[in-house]
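Now for the letters of each chain:
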Amino acid sequence: MVNPLLDDSDLDFGMPHFEALRLEHFAPALDEAMARQSTAVERIATDPTPPTFENTIEALEQSGALLDRVTAVFFNQLDSDASPEIDRLDAEYSPRLARHRDSITQHPGLFERIEAVWQARAQLDEEARFLTQRYRTEFMRAGAALDDAAQQRLREINAELAELTSRFDAHLQADTNHLAVEFDDHDELAGLGPGELSTAEAAARERNSAARYVVALPLPTGHPWLSLLERPSTRERIMSASRARGSRPGANDNRPLVRRIAELRAERAGLLGFDDHAAWVTADETAESPARVRELLQRLSAAAARNARMEQSSLETLAGHDIAASDWSWYDEQLRQAEFDFAASELRPYFEADRVLHDGVFFAANQLYGITMHERDDLPAHHADVRVYEVRDHDGARLGLFLYDAYARPSKRGGAWMNELRTGASMLGGDAIVVNTHNIPKPAAGEPTLLTYDEVNTLFHEFGHALHGLLSSARYPKLWGTNVPRDFVEFPSQVNEMWMLWPDVLENYAAHYETGERMPQRLVDKLLAARKHGEGFATSEYLAAALLDQAWHSLKPGQRVDDVAVFEAAALADAGLDNPAVPPRYSSTYFQHVFGGGYDAGYYSYIWSEVLDADTVEWFKENGGLTRENGDHFRRTVLSVGGSKQALEAFREFRGRDAEIEPLLRRRGLE
């Protein structure tokens with residue numbers, strides 16, 4: 001085996017030969033894959049025969065298969081198990097990949113052939129017609145119709161943006177690791193249970209820290225342990241470290257990158273004929289315009305801010321003094337206990353990770369869609385912590401592989417996400433391989449992995465993305481699985497969250513890790529009663545981040561920002577969300593979603609999709625809930641469709657009408 005990335009894998013399901021993969025394989029594989037696609041594209045563009053769907057659109061889909069496979073493995077490795085060496089490769093190859101994409105989308109001969117196929121679209125079936133439309137739209141949005149000088153500047157911008165977003169991610173990961181908070185005195189961590197202390201000790205050992213305990217930082221501003229830690233000084237140290245990421249002078253300062261990324265995106269939008277980057281992004285989403293996004297966000301923000309202030313007043317009454325952002329979770333937990341007579345920590349013994357996964361997440365999917373999951377210890381994965389599952393349909397047909405990478409480590413970027421290592425598009429004849437990656441703190445050897453409520457919710461959420469891929473029946477790679485508008489992609493994953501607390505599902509997985517006793521009904525009742533608790537804070541911190549994203553990407557071409565902190569403060573004040581006790585879920589210098597993760601001008605997508613999600617939950621409740629009939633209907637109309645039709649058309653086929661916002665308002669207490 002010369003290069004496991006270039007050879008077709010002989011492993012079951014086409015699983016890459018991770019056991020043979022070395023860092024030195026990436027560069028030659030990327031070079032070869034780009035070269036092969038360039039040759040194929042030139043052959044398509046110069047084909048002397050008249051353009052047809054087969055010799056142009058289908059040929060383009062096939063041309064990128066190898067590069068898609070190589071980059072999928074490369075970027076999965078970069079996200080989940082990075083190193084200085086792979087960071088350097090990313091810094092080198094991200095601009096090269098951007099230039100490679102530009103060389104295709106700005107190829108004049110190729111665009112002419114796509115346009116010819118589009119003009120003859122009446123001859124095509126629905127999926128082929130939609131694919132042709134996608135290619136035509138993408139080429140036009142990438143500058144195919146610009147003159148040579150404008151295209152050259154566009155190529156320069158795209159290459160620089162690829163380099164800058166890569167550096168942003170590398171800086172953020174390094175600073176997150178650097179700012180992990182060290183403690184020697186056990187008393188400083190008063191309030192943490194044995195599981196949390198074990199995790200902090202394990203983190204110290206993993207980092208070779210001289211300290212006894214290390215509290216690693218998650219991607220969001222807040223930390224789940226802030227609700228447990230008794231000492232205000234400890235909470236403040238953790239919150240200050242979290243908020244400092246990327247905002248200090250030095251090697252990991254992200255402030256210059258944030259300013260430059262926003263400026264370049266605005267300039268690119270102007271070249272392409274748009275007022276700003278947000279307009280360029282939303283024109284190809286279901287929202288269609290920044291005005292519609294702002295309308296939704298502003299409609300919600302006033303009510304959310306009002307609810308957060310009411311919550312803050314209650315917390316300060318309980319505390320007897322004003323509270324800081326670092327204190328909110330602590331006093332909120334005290335209030336929850338007083339009002340609902342239970343603590344969030346009471347749930348954790350019933351949320352053992354393996355049981356949640358198998359008897360909760362997998363169980364719900366089996367009840368809805370008939371699919372089964374079987375662990376495959378014989379197949380290699382990209383890290384020793386990763387578990388591999390074979391996924392089969394109700395009739396035994398192969399659907400693909402599901403890889404689960406649960407634990408946090410210094411080499412993994414923060415947050416949770418779904419990647420695909422291999423498309424399941426039928427045109428290429430392969431099996432889907434999808435990955436769910438989380439950042440659950442890893443306990444010491446022999447200790448159970450007990451999850452928080454939010455971690456269980458995240459597990460169900462990310463598996464919703466996995467189902468969107470595994471159950472897709474789209475023929476073409478560009479339309480397969482989660483290749484849908486960004487403001488629709490969160491919809492299926494948010495729907496999957498509903499099963500976390502569905503009675504039949506909760507009963508099946510929520511068992512005490514030591515005794516096996518099911519979660520007592522009294523605790524279930526209290527949990528359900530407390531579901532809206534804290535929604536003012538949760539909605540406000542999310543909306544603050546979403547509106548901050550919109551503010552950065554509403555900059556006009558040529559407009560400059562001198563001070564990131566001043567700009568951020570002004571944007572939050574304009575939105576009425578400048579409450580110091582409720583900071584945005586992500587501040588600019590660690591907002592990985594929009595400055596490194598592909599959600600630029602699109603972080604609103606979560607709440608936009610939640611309108612569809614909340615309405616869908618109502619439909620399931622009205623139609624009997626967790627049944628195969630309901631699951632098959634959702635699968636047929638939404639999950640299997642992938643991106644092969646207009647997203648809102650798929651929703652209308654599922655729901656029988658457009659979505660209504662009232663279920664979302666009720667869910668978040670914003671009526």
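This structure is a prediction, so every number in the text was calculated from the model and none was measured. (Residues numbered from 1 in each chain as written. Predicted model: local features only at pLDDT ≥ 70, side-chain atom pairs only at ≥ 80, totals over all residues. Heavy atoms only, no water.)

Caption draft 1: Seen up close, the overall build of the protein. The number of helices and strands found in the protein is 25 helices and seven strands. For the protein, whose C-alpha radius of gyration is 25 Å, the value lies close to the compact-globule estimate of 26 Å for 671 residues. C-alpha extents for the protein along the principal axes are approximately 80 × 60 × 55 Å. The buried share of the protein, taken over its 671 residues, is 59%. The long-range share in the protein, meaning contacts at least 24 apart out of those at least 6 apart in sequence, stands at 75%. Accessible surface computed for the protein: about 26,400 Å², of which carbon and sulfur atoms make up 48%. (Helix = DSSP H or I, 4+ residues; strand = E, 2+ residues; numbered from the N terminus. Rg over C-alpha atoms; globule rule 2.2 N^0.38 Å. Buried < 20%, exposed > 50% of the residue type's maximum accessible area, 1.4 Å probe, protein only. Contact = heavy atoms within 4.5 Å. Areas by Shrake-Rupley, 256 points an atom, 1.4 Å probe, with all protein chains shown as cover.)

Caption draft 2: Highlighting the sheet that holds strand 4 (residues 387-392). Within the open sheet, the five strands sit side by side as 3-4-5-7-6. Their pairing is mixed. Each of the sheet's edge strands pairs with one partner strand only, and the pair in question is strand 3 (372-375) and strand 6 (417-422). Across the sheet, the axes of successive neighbouring strands diverge by a mean angle of 25°, strand direction being ignored. Set on the sheet, helix 14 (residues 353-369) makes contact with strand 3, strand 4 and strand 5 (398-407); between it and strand 4 the angle comes to about 20°. (Pairing = 2+ DSSP bridges. Axes fitted to C-alpha atoms, helices over the stretch in contact; angles between N-to-C directions.)

Caption draft 3: Inspection of the packing of aromatic side chains at higher detail. What the rule picks out here adds up to 36 aromatic pairs. Centroid distance F491 to F634: 5.9 Å. Interplanar angle 85°. Geometry classified as edge-to-face. A residue pair is termed long-range when its members are at least 10 positions apart, and F491 in helix 16 (residues 486-496) and F634 in helix 23 (residues 628-639) qualify at 143 residues. Judged by its relative accessible area of 1%, F634 falls in the buried class. The rings of F488, F491, W499, W502, W619, F620, F634, F651 and F654 are connected pair by pair, giving a single aromatic cluster. Sitting over the ring of F183, R237 keeps its end group 4.5 Å from the ring centre. Positioned above the aromatic ring of W280 is the side chain of R268, whose terminal nitrogen or guanidinium carbon lies 4.8 Å from the ring centre. (Phe/Tyr/Trp six-rings, centres within 6.5 Å; stacked < 30°, edge-to-face > 60°. Lys NZ or Arg CZ within 6 Å of the ring centre and 35° of its normal.)

Caption draft 4: Expanded view of the environment of T282. Among the secondary structure elements, T282 is positioned in helix 11 (residues 277-282). A C-alpha to C-alpha distance of 23 Å links T282 and L577, two positions 295 residues apart in sequence. Only 2.8 Å separates the side chain of T282 from the backbone oxygen of A278, close enough to count as a polar contact. (Polar contact = N/O pair within 3.5 Å; in protein donor to acceptor, adjacent residues only side chain to side chain.)

Caption draft 5: Representation of the pattern of salt bridges. Inspection of the entire model under this criterion finds 58 salt bridges. For the salt bridge of D175 with R248, the shortest nitrogen-to-oxygen distance reads 2.6 Å. Here D175 is found in helix 7 (residues 148-178), whereas its partner R248 is found in the loop between helix 9 (232-244) and helix 10 (255-271), with 73 residues between them in sequence. The exposure class assigned to D175 is buried, which follows from its relative accessible area of 3%. A relative accessible area of 31% places R248 in the partly exposed class. The partner of R635 in a salt bridge is D393, with the nearest N and O atoms 2.7 Å apart. With R635 in helix 23 and D393 in the loop between strand 4 and strand 5, this residue pair connects regions lying 242 residues apart in the sequence. (Salt bridge = Lys/Arg side-chain N within 4 Å of Asp/Glu carboxyl O.)

Caption draft 6: View of the nonpolar core. Counting residues in each nonpolar core, the largest one holds 142 residues, and the members touching the most others are F351, F402, W499, Y509 and W552. With residues up to four places along the chain from it excluded, the contact list for W499 reads A364, L368, F460, V505, F620, G625 and L626. (Core = buried A, V, L, I, M, F, W, Y, C linked by side-chain atoms within 4.5 Å.)

These values are about where atoms sit, not about what they do.
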